[in-house]
Number of protein chains: 2
Amino acid sequence: MNSRIRPMKFLVPGLKRKSLLPQETILEMYGREACECLCKDEKLKLVFSKERPFDLIELEQLLEAVGWTRRPVRRVKRALDNSLVTVGLWLHDPSFPRLIGFARCTGDGILEATVWDVAVHPFYHGCGLGKKLMEYILEVLRDMGIERVTLFADPGVVSFYEQQGWKLEPKGHRCAFWYAN
Amino acid sequence: MNSRIRPMKFLVPGLKRKSLLPQETILEMYGREACECLCKDEKLKLVFSKERPFDLIELEQLLEAVGWTRRPVRRVKRALDNSLVTVGLWLHDPSFPRLIGFARCTGDGILEATVWDVAVHPFYHGCGLGKKLMEYILEVLRDMGIERVTLFADPGVVSFYEQQGWKLEPKGHRCAFWYAN
């Protein structure tokens, strides 16, 4: 087995499940560091990938489905190109995998990384996929040797991050935003 | 006059002052997009630069002087190399300019930028240099076309950023930190 494939790490604790997808398929379709996401729903064939390219229209549709404002595709493309990590969560299909989750990071690759645009399609909420997506992205960042990861949480998801060990406003830090327009 | 040099923008309002440094000197020593920082203290010859390279020991000494923990130089070097923008505020000297201020940004270069490590040497506090440093960095980011800039403010500097038009926790955003160790 290729040591870079880490499917078992993302298994739900106590849930004994075997992979639904051959390693070769994962490697071939989703890239070398892709890994299967085994979730509570036993029928879902899901894969995390840092490498499989995005269809930008599909990505914006996903982000719109979670309630965010659509952004110009050309600007999004540049933002993705300049991101430190972009992760897709794919619903596997041999000919047409569908993007059902996404997250990306900016950062300096060593001291700081900041997570943006964390989204799981509402149709797949309740399966613990958001948690697995964050686990995957944190593992990628840990592999890079990054010391600290930051994010800005909407009021509705603050407890989601807290439950996963994120510290809210440590040492009294406050977040501040400046808008160009 | 080279259109990329913008010394007058950083003049204190109502304070009519002429440049203390020839444009040629600024260009030659601090790079093409450098600009003089004219502050309340008329004797200080100060220059903002995105290009003049840092002595990493001098940089860490500056950050230590404002009370931050020293970080391994090799990691800092990589972080600076991977930053979107690094800005130095230099006390001019024809042969040995001294670094008295610093700030850097990470980001995707188009949608998001995050400001880190904003520091002005305590000896030069009270001249409005922190404000000018932020103005300079925001102008650089605006030139890039960045939509939104974010930062994490220590409790002691929250009002400093508020006074400059930064919005604290807009729409109830909370900041969350995750630490590798």
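Caption draft 1: Structural view of helix H4 (residues 129-144) of chain B. Residues and elements named next belong to chain B. The end-to-end C-alpha distance of H4 is 23 Å, a good match for the 22 Å that 16 residues give at a rise of 1.5 Å each. Of all the residues in H4, the buried ones are Leu 129, Gly 130, Lys 132, Leu 133, Met 134, Tyr 136, Ile 137, Leu 138, Glu 139, Val 140 and Leu 141. Following H4 by one or two positions, Gly 145 has its phi on the positive side, about 90°.

Caption draft 2: Geometry of the pairing of strand S4 (residues 98-107) of chain A. Residue and element names in this part refer to chain A. With nine of ten residues buried, S4 lies mostly within the body of the structure. Sheet topology note: the strand S3 (residues 85-91)/S4 ladder contains seven bridges and is antiparallel. Each bridged residue has a counterpart across the sheet, and for Val 85 the counterpart in S4 is Cys 105. Two successive antiparallel strands, S3 and S4, enclose a turn made up of six residues. The loop that links S4 with its antiparallel partner strand S5 (residues 112-120) comprises four residues; one of these, Gly 109, has a positive phi angle of about 80°.

Caption draft 3: Main features of the packing of helix H2 (residues 56-65) of chain B against helix H3 (residues 73-81) of chain B. All names here are of chain B. In contact at an axis separation of 10 Å, H2 and H3 are set at 95° when each is read in the N-to-C sense. Between H2 and H3, the interaxial angle falls into the category roughly perpendicular. Seen from H2, the contacting residues are Leu 56, Ile 57, Leu 59 and Glu 60; seen from H3, they are Val 73, Val 76, Lys 77 and Leu 80. Considering only residue class, the contact of H2 with H3 consists of six nonpolar, no polar and two charged.

Caption draft 4: Geometry of the relation of the copies chain A and chain B. Take chain A, turn it by 180°, move it 0.0 Å along the axis, and it overlays chain B with an RMSD of 0.0 Å. Both copies of the chain, as the preceding transformation shows, are related through a two-fold rotation axis. When you check the interface residues of chain A against chain B, 100% turn up at the interface there too, and the contact is symmetric in its surfaces.

Caption draft 5: Structural view of the sheet that holds S4 of chain A. Strand order in this open sheet of eight strands is S1(A)-S2(A)-S3(A)-S4(A)-S5(A)-S6(A)-S8(B)-S7(A), and the pairing throughout is mixed. Each end of this open sheet is capped by a strand with a single partner; those strands are strand S1 (35-36) and strand S7 (167-168) of chain A. Both S4 of chain A and S5 of chain A contribute to a ladder of six bridges, which runs antiparallel. Bridge pairing links Thr 106 of chain A to Thr 114 of chain A in S5 of chain A. Contacting S3, S4 and S5 of chain A, helix H2 (residues 56-65) of chain A runs over the sheet at an angle of about 90° to S4 of chain A.

Caption draft 6: Just the environment of Glu 60 of chain A, in detail. All names here are of chain A. Examined against the element boundaries, Glu 60 turns out to sit in helix H2. Look at Glu 60 and you get buried, because its relative accessible area is 1%. As for Glu 60 and Ser 19, which are separated by 41 residues in sequence, their C-alpha atoms are 30 Å apart. Not counting the four nearest positions on each side in its chain, Glu 60 is found in contact with Thr 69, Arg 70, Arg 71 and Val 76.

Rules behind the numbers
- Residues numbered from 1 in each chain as written.
- Chains lettered and ligands numbered in written order.
- Predicted model: local features only at pLDDT ≥ 70, side-chain atom pairs only at ≥ 80, totals over all residues.
- Heavy atoms only, no water.
- Helix = DSSP H or I, 4+ residues; strand = E, 2+ residues; numbered from the N terminus.
- Expected span 1.5 Å × (residues − 1).
- Buried < 20%, exposed > 50% of the residue type's maximum accessible area, 1.4 Å probe, protein only.
- Pairing = 2+ DSSP bridges.
- Axes fitted to C-alpha atoms, helices over the stretch in contact; angles between N-to-C directions.
- Parallel < 35°, antiparallel > 145°, perpendicular 65-115°, else oblique.
- Contact = heavy atoms within 4.5 Å.
- Nonpolar A, V, L, I, M, F, W, Y, C, P; charged D, E, K, R; others polar.
- Least-squares fit on C-alpha atoms with pLDDT ≥ 70 in both.

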